[in-house]
Amino acid sequence: AVVIAVEESSVKARNVRREPKVALCVATAETPQRWALVNGTAVLSDEAVSANGMALSVHYLGAQKGRAHAENVLATLDFILIRITLTGMIGFVGE
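My aim in this report is to walk through the structure given alongside it, one point at a time. Predicted model only: the values in this text are computed from it and were never measured. (Residues numbered from 1 in each chain as written. Predicted model: local features only at pLDDT ≥ 70, side-chain atom pairs only at ≥ 80, totals over all residues. Heavy atoms only, no water.)

According to the stated counting rule, one finds two salt bridges in the structure shown. For Arg-17, the salt bridge identified is with Glu-8, shortest N-O distance 2.3 Å. Residue Glu-8 is classed as partly exposed on the basis of its relative accessible area, which comes to 28%. Residue Glu-30 is joined to Arg-34 by a salt bridge in which the shortest nitrogen-to-oxygen separation is 3.3 Å. (Salt bridge = Lys/Arg side-chain N within 4 Å of Asp/Glu carboxyl O. Buried < 20%, exposed > 50% of the residue type's maximum accessible area, 1.4 Å probe, protein only.)

Another point: the nonpolar core. One broad rule of soluble globular proteins: the nonpolar side chains tend to lie buried together. In this structure, Val-6, Ala-13, Val-16, Val-22, Ala-42, Ile-80, Ile-82 and Ile-84 together form the largest nonpolar core, which totals eight residues. Counting only elements with at least two residues in this core, the list comes to helix H1 (11–18) and strand E4 (79–92). A total of three residues in this core trace back to one element, the largest contributor, which is E4. Every residue in contact with Ile-84, bar those within four places of it in the chain, is listed here: Ala-1, Val-2, Val-22, Leu-24, Gly-40, Thr-41 and Ala-42. (Core = buried A, V, L, I, M, F, W, Y, C linked by side-chain atoms within 4.5 Å. Helix = DSSP H or I, 4+ residues; strand = E, 2+ residues; numbered from the N terminus. Contact = heavy atoms within 4.5 Å.)

Excluding glycine, a negative phi dihedral is what most residues carry, and trans is how most peptide bonds are arranged. Here the bond from Thr-31 into Pro-32 is cis, since omega is 0°, no more than 30 degrees from zero. Within the secondary structure, Pro-32 is located in the loop between strand E2 (21–27) and strand E3 (35–45). Positive phi outside glycine occurs at Ala-48, with the angle close to 65°. Secondary-structure assignment places Ala-48 in the loop between E3 and helix H2 (49–61). Overall, the relative accessible area of 40% leaves Ala-48 in the partly exposed class.

Listed below in structure tokens is the structure:
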């Protein structure tokens, strides 16, 4: 599964509520470009939002800065998780 966090009131969350079939593309900025496209079925979940936010912040910013950042963001924004169960995936390495 792929998990992304979005604001509860975002267009993405609204679209998943309306239609759970989704596609997500992630691409690099450098040339030659590399990208991955996943297709799947999405479910909104508010379980473990704080734990996921804290874990990601600590991973990328370190323990002290990560905790402070997560606490600030989680107190300010109303996040929800989109869990995508994959039904297909393709990618391109660009070489």
